[in-house]
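Structure at a glance
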Amino acid sequence: MKTFRIGGVHPAENKLSAGKKIEPMALPKQAVFPLSQHIGAPAVACVAKGDMVKVGTKIADAGGFVSAAIFSSVSGKVAKIDSIIDASGYRKPAIFIDVIGDEWEEIIDRSEELVTECALEPAEIVAKIKDAGIVGMGGACFPTHVKLTPPPGSKAECVIINAVECEPYLTADHQLMLEKPEQILVGVSLLMKAVNVTKGYIGIENNKPDAIALMKEKAAKYPNIEIVPLKVQYPQGGEKQLIDAVIGRQVPNPPAIPIAVGAVVQNVGTAYAVYEAVIKNKPLFERVVTVTGKALANPSNLLTRMGTPMSMLIEAAGGMPENTGKIIGGGPMMGKALLNAEVPICKGSSGVLLMTEEESVRGKEQNCIRCAKCVGACPMGLEPYLLAKLGEYSDWERAENEDIMTCIECGCCTFTCPSNRPLLDWIRLAKNTVGGIIRERNMKK
Amino acid sequence: MNTILVAVMVLGATALVLAGVLFVVSKKFAVKEDPRVGQVAEVLPQANCGGCGFPGCAGFADACVKAGSLDGLLCPVGGQAVMTQVAEILGLSAGAAEPKVAVVRCNGTCEHRPRTVVYDGAVSCKIAHATGCGETGCAYGCLGCGDCVKACQFDAIRMNPETGLPEVDADKCTACGACVKACPRMIIELRNKGRNGRRMVVLCVNKDKGALTRKACEVGCIGCSKCQKVCPFEAITIANNLAYIDYEKCKLCRKCEDECPQHSIVAVNFPVRKPKPAPEAEAPKAAEAPKATEAPEATQKS
């Protein structure tokens, strides 16, 4: 079975919510939309206090090319434009909307009917995706239209769909594939058309045999789309790991991007959002979120409107267990501990994970014993123990020479360290600093 | 016997030739260095802290010798005494330098600023700062991981386990600025030591609006500008919901301290006030408990 070449780990899967039907969440009383839900420039609010909005009304324009518009997920009145603590841990500007009823924009086609034909030109598809504010739904939130616009001189050869869901606990993508396989396949063919390629792959890890079987059956009608079962290995959902696993090509070090080897990688959730945006005129304002945790009464997959506070999802899944130690936004490997449960669901919120007190304790940090487990686990072939030390000693120049910018922050090194060293914390610090230095240098040129 | 003789002769001849070469090279390529650079370097403290802005003491000595006047050149570690010596060697006059000290502009002790979450990542303010606003609701205040303590070469800054804040030992602090650079939240500032070590400081850097600040910290500056109005010397400016006292203009009249509703303005090293209503005496006590109540000479560490 295929997988990527170097490194990787296999954490306990804990897919507690697997097989749970996607259930629609109740509407919140107030929805909150942070203006920076994506990588790139923050969106610019285009509504003011007191404005009435419907479901699907644009409330913020993209703040640049690498940016995305934001749409209201509820109907009601704009209460204020203020700030809220988001997943970054800081107060960020956000639009607050008081919910009144549930009135949708007329342009949105709410029928369940499957439409497979699309007469649009590639450029029109990309424009529609851009106008729907779609970003990568895997968690990194890179604006999708940017990925579908290859830089001059590069040519896409295939579209690879990331349906790996290698993060433990999360099952949102898995469940989406079981319930909306045909819509996803139409979305994939739209993406293929948008970048003008004839080959598409959907990579699925083989811990989801039902999804693989179902997708294979449905994909029989699409000769250009191939379902690729993959061996379970974290971080297979990383763009570069997935390309390596599926088509056996290795992306060169940054600043090269996947298009350098002819691949455009999109998440399976993004493919579904593309289907809804292009065929049904429905902008991105809801997504499937996995709410899970060992102490949670009823781990579930919830179809959630953006802007719903996480506390509501936790209530819907059986309420906050008493011994909750941490609330993680995303999966346990790459997710982030949140400051409180009022953080709203954003475009990239794939999961809410409640860890018990016992689980969330970090082990006592000890000295590095040079066992090189982190080196073996690093999927990018780096030396994490060294990079972490360079970060600790602020040796940015050497960190850059040791290819720190190729780090994908997957956390395999920290996961595997027997001395419980916070390797990724230091590496991320060094990576951000070196990234800043490089940007500054490029600006001067 | 013969072999030994040959060896001695060959090696001896080689040594002589090479000695000649070395002699010629040393004369021909000799770098003429101003002898005063060495002399100046000798009087410098050799801490190589970089506080002067030059790479180490040798770099600073070189800069002093090359410069026409000593204005703007200051060894913060040696201070005025060393600069006078340097001026003597160079035959220049030393610029008058006001001694400075690092001031931690945060008074968010455990008492004043409730902890709402627990940070358990790597012990580094820089990392904690990148992860989120920290253990309290204040996104501007001290994170308490001690990056400034690690940066200090002079053992002048220590964490106080009771308050969770770093404390500067004014006698040891050389104002080299290492802690200022180390702090990711720019809380530490170099301020004039002031007469008898007395200074008026706004111990807060929170730029949030008043209501948010008040929620996060009992002694946070809310930018109400009462102090600005009461200041007779126009030493106080308000920007981004935050007051700042210009130490050049401040005449230490303490009017702002009485006016501040949040007790964010703290008078350091002043003698205890004569019996007056309680609230005024409380503020300095809470801020720098050991120092404010004692005379400055009495703060020597054992």
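Residues numbered from 1 in each chain as written. Chains lettered and ligands numbered in written order. Predicted model: local features only at pLDDT ≥ 70, side-chain atom pairs only at ≥ 80, totals over all residues.

Attention now goes to the overall build of chain A. Across its full length, chain A carries 13 helices and 17 strands. Against the compact-globule benchmark of 22 Å for 445 residues, chain A has a radius of gyration of 21 Å, which places it among compact chains. Relative to its full complement of 445 residues, chain A shows a buried share of 51%. Taking all contacts inside chain A whose residues are at least 6 apart in sequence as the whole, residues at least 24 apart take part in 73%. (Helix = DSSP H or I, 4+ residues; strand = E, 2+ residues; numbered from the N terminus. Rg over C-alpha atoms; globule rule 2.2 N^0.38 Å. Buried ≥ 20, exposed ≤ 12 C-beta atoms within 10 Å, placed from the backbone. Contact = placed C-beta atoms within 7 Å.)

On to the domain arrangement of chain A, then. Residue and element names in this part refer to chain A. Taken domain by domain, chain A consists of domain 1 (122-280) and domain 2 (373-444). For domain 1 versus domain 2, the separation of C-alpha centres amounts to 28 Å. Counting residues at the interface gives 7 residues for domain 1 and 7 residues for domain 2. (Domains from an automatic or database assignment.)

Our focus in this paragraph is the domain arrangement of chain B. All names here are of chain B. According to the domain assignment, chain B consists of domain 1 (37-90) and domain 2 (100-297). The partner domain 2 presents 7 residues to the 5 residues of domain 1 that form the contact. Here the side of domain 1 that touches domain 2 is composed, by residue class, of 4 nonpolar, 1 polar and no charged. (Nonpolar A, V, L, I, M, F, W, Y, C, P; charged D, E, K, R; others polar.)

Let us look at the sheet that holds strand E5 (residues 58-61) of chain A. Residues and elements named next belong to chain A. One open sheet accounts for 3 strands, arranged E3-E5-E6; its pairing is antiparallel. One side of each edge strand has no neighbouring strand; the edge strands of this open sheet are strand E3 (44-45) and strand E6 (70-71). As paired elements, E3 and E5 share 2 bridges and run antiparallel to each other. Note on E5: the bridge partner recorded for Ala45 is Ala60. (Pairing = 2+ DSSP bridges.)

Let us look at the packing of helix H2 (residues 35-43) of chain B against helix H4 (residues 79-90) of chain B. Residue and element names in this part refer to chain B. Their axes nearest at 9 Å, the elements H2 and H4 cross at an angle of 165°. As the angle between them shows, H2 and H4 are arranged roughly antiparallel. Along this stretch, H2 crosses H4, giving a crossing that reads as right-handed. From H2, Arg36, Gln39, Val40 and Val43 reach across to H4, where they touch Val82, Gln85, Val86, Ile89 and Leu90. Partitioning the contact of H2 with H4 into residue classes produces 6 nonpolar, 2 polar and 1 charged. (Axes fitted to C-alpha atoms, helices over the stretch in contact; angles between N-to-C directions. Parallel < 35°, antiparallel > 145°, perpendicular 65-115°, else oblique. Left-handed = near helix turned anticlockwise from the far one by under 90°.)

A word on helix H3 (residues 172-179) of chain A. With 6 of its 8 residues buried, H3 of chain A lies for the most part within the structure. For H3 of chain A, the full list of buried residues reads Ala172, Asp173, His174, Gln175, Leu176 and Met177 of chain A.

Turning our eyes to something else, we now look at the pairing of strand E1 (residues 100-104) of chain B. Residues and elements named next belong to chain B. Most of E1 sits inside the fold, with 5 of its 5 residues counted as buried. The alternating pattern of E1 places Lys100, Ala102 and Val104 on one face and Val101 and Val103 on the opposite face, and all of these are buried. When E1 meets strand E4 (residues 188-192), the two strands line up antiparallel, connected through 5 bridges. Pairing of Val103 across the sheet is with Glu189, part of E4.

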